[in-house]
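Working through the structure, step by step
Given next are the chains, with one letter for each unit.
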Amino acid sequence: MDKLGGVFNASSPEMEAMVDLTLFIIIVAVAILGIITIAITYILIRYRRRSADTAEPRQDFGSTKVEIVWTVIPALIVGVFFFSTIKTMYAVNPPFGDREPDLVIIGHQWWWELFYPKSGVRTANEVHIPIGKKLLVRLNSVDVIHDFWVPELGPKIDLVPGHTNHIWLSASKPGVYLGACAEFCGVQHANMRIRVIAETQEDFDKWQEEHRKIPPTPTTGEAALGAKLFQEKACTNCHLTGVGPDLTHLSSRQTLAAGALENTPSNLVKWLKNPEKYKPSSYMPNMKLTDVEVNAIVAYLEALK
Ligand SMILES: [Cu+2]
């Protein structure tokens, strides 16, 4: 399974702001720890009990000056943390007013439904974004609480049934950023992976243009038989209704079933024959297809481009 990128490998302005704040707090905290450790060590040695000491040392009770110093300094430090945090929150999550979302993500057990309202593109599990742009993302769930988390790009955000959340998503350089559902959501929680594919505006536009088109239904050969079976075997009952992922441009995706399998024609055959084996308990039923049927459906799905 692919490894997630680390949070310190920030690849978006949002994540950079969060990492800067984290490092700043860590550095200040370590400096305080250092000062205190040195002070305690010094005091322990300098004022240790010596053999000539017989009486109790001088005792001081109450010093307004000292009280003020040790109240004001920590208050200032906490104040600086407070304002840096507010500034970071604002950088990561600026108000979006009545702007319409650029992308809608809907959590399902155990896959991500993706919809780009402005272009009408529907897909699943692999989010495409243009680099250097902030996308406003609206998140929802149809079943239980899920959580969208791509560590290199930004904070985690819950997908809650009956409640809408928003997040800004961006990437500063092209790449494939891996993420995962970060809220336990059932047996296949671990196989609910996300890929964010950040590309140049040009490549993103091209991707979007291709995904807007409904490919023609094949009329000859195995693929034509597959198209017929796709209707007859009731695949459409789930895959055209949002119960299962949109399969129109499946062949352009890198993985199958939210990261459970690499997307190759032979893995697609395996998946269709026995989804249970690769993603136990997933809501894709074993459709009990014959080899001929599976091959025809794979030919059809591969032909949809
Ligand atoms: Cu989940």
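Residues numbered from 1 in each chain as written. Predicted model: local features only at pLDDT ≥ 70, side-chain atom pairs only at ≥ 80, totals over all residues.

Right, let's get into the domain arrangement of the protein chain. Domain annotation for the protein chain reports domain 1 (1-47 + 63-212) and domain 2 (221-303). The gap between the C-alpha centroids of domain 1 and domain 2 is 33 Å. Those elements that provide at least two residues to the side of domain 1 that touches domain 2 are strand 2 (111-116), strand 3 (121-124) and strand 10 (193-199). Of the residues belonging to the side of domain 1 that touches domain 2, the class tally is 6 nonpolar, 6 polar and 5 charged. (Domains from an automatic or database assignment. Helix = DSSP H or I, 4+ residues; strand = E, 2+ residues; numbered from the N terminus. Nonpolar A, V, L, I, M, F, W, Y, C, P; charged D, E, K, R; others polar.)

This next bit is on the nonpolar core. Grouped together as the largest cluster of nonpolar side chains are 48 residues, with contacts concentrated most on Ile105, Val196 and Tyr300. Top contributing element to this core by residue count: helix 8 (residues 291-303), with 5 residues. Residue contributions to this core reach at least three from each of two domains, namely domain 1 (1-47 + 63-212) and domain 2 (221-303). When near neighbours in sequence (up to four residues on either side) are disregarded, valine 196 contacts Val127, Ile129, Val150, Leu153, Ala171, Tyr177 and Gly179. (Core = buried A, V, L, I, M, F, W, Y, C linked by C-beta atoms within 7 Å. Buried ≥ 20, exposed ≤ 12 C-beta atoms within 10 Å, placed from the backbone. Contact = placed C-beta atoms within 7 Å.)

Taking strand neighbours across the sheet as the criterion, the 5 strands line up as 3-2-1-5-8 in an open arrangement whose pairing is mixed. The sheet is open, and its two edges are formed by strand 3 and strand 8 (165-169), each paired on a single side. Taken over all neighbouring pairs, the strand axes of this sheet differ in orientation by 25° on average, direction set aside. In the sheet, strand 1 (residues 103-108) pairs with strand 2 via 5 bridges, with the strands oriented antiparallel. Note that in strand 2 the partner of valine 104 across the bridge is phenylalanine 115. (Pairing = 2+ DSSP bridges. Axes fitted to C-alpha atoms, helices over the stretch in contact; angles between N-to-C directions.)

The subject of this paragraph is helix 4 (residues 221-232). An α-helix turns once per 3.6 residues; consequently, residues spaced three or four apart project the same way. Taking 1.5 Å per residue as the helical rise, helix 4 with its 12 residues ought to reach 16 Å, and the 17 Å between its terminal C-alpha atoms agrees with that figure. If you check which residues of helix 4 are buried, you get Ala223, Gly226, Ala227 and Phe230. Down the axis of helix 4, the sector holding all buried residues measures 105°, keeping them to one side. Set apart from the buried face of helix 4 by more than 90 degrees, the exposed residues are Gly221 and Glu232. Along its buried surface, helix 4 packs onto helix 5 (235-239) and helix 8. Alanine 234 sits one or two positions beyond helix 4 and adopts a positive phi of about 65°. (Expected span 1.5 Å × (residues − 1). Arc of directions from axis to C-beta.)

Attention shifts here to the pairing of strand 5 (residues 135-141). Relative to strand 5, strand 1 is paired through 5 bridges, and the arrangement is parallel. Paired with glycine 107 across the two strands is serine 141, which belongs to strand 5. In the sheet, strand 5 pairs with strand 8 via 5 bridges, with the strands oriented antiparallel. Its bridge partner being in strand 8, leucine 135 is matched across the sheet by leucine 169.

A word on the sheet that holds strand 9 (residues 175-181). Remark on secondary structure: sheet strands pair via backbone hydrogen bonds, oriented parallel or antiparallel. Spatially, the 5 strands line up as an open sheet ordered 4-10-9-6-7, and their pairing is mixed. Across the chains shown, the open sheet's two edge strands, defined by having one partner strand only, are strand 4 (126-130) and strand 7 (157-159). Put simply, the sheet's adjacent strands are angled 25° from each other on average, direction ignored. The pairing of strand 6 (residues 146-149) with strand 9 spans 2 bridges and is classified as antiparallel. Of the residues in strand 9, the one forming a bridge with phenylalanine 148 is cysteine 181. The sheet strands contacting helix 3 (residues 201-212) are strand 4 and strand 10, and the helix crosses strand 4 at an angle near 135°.

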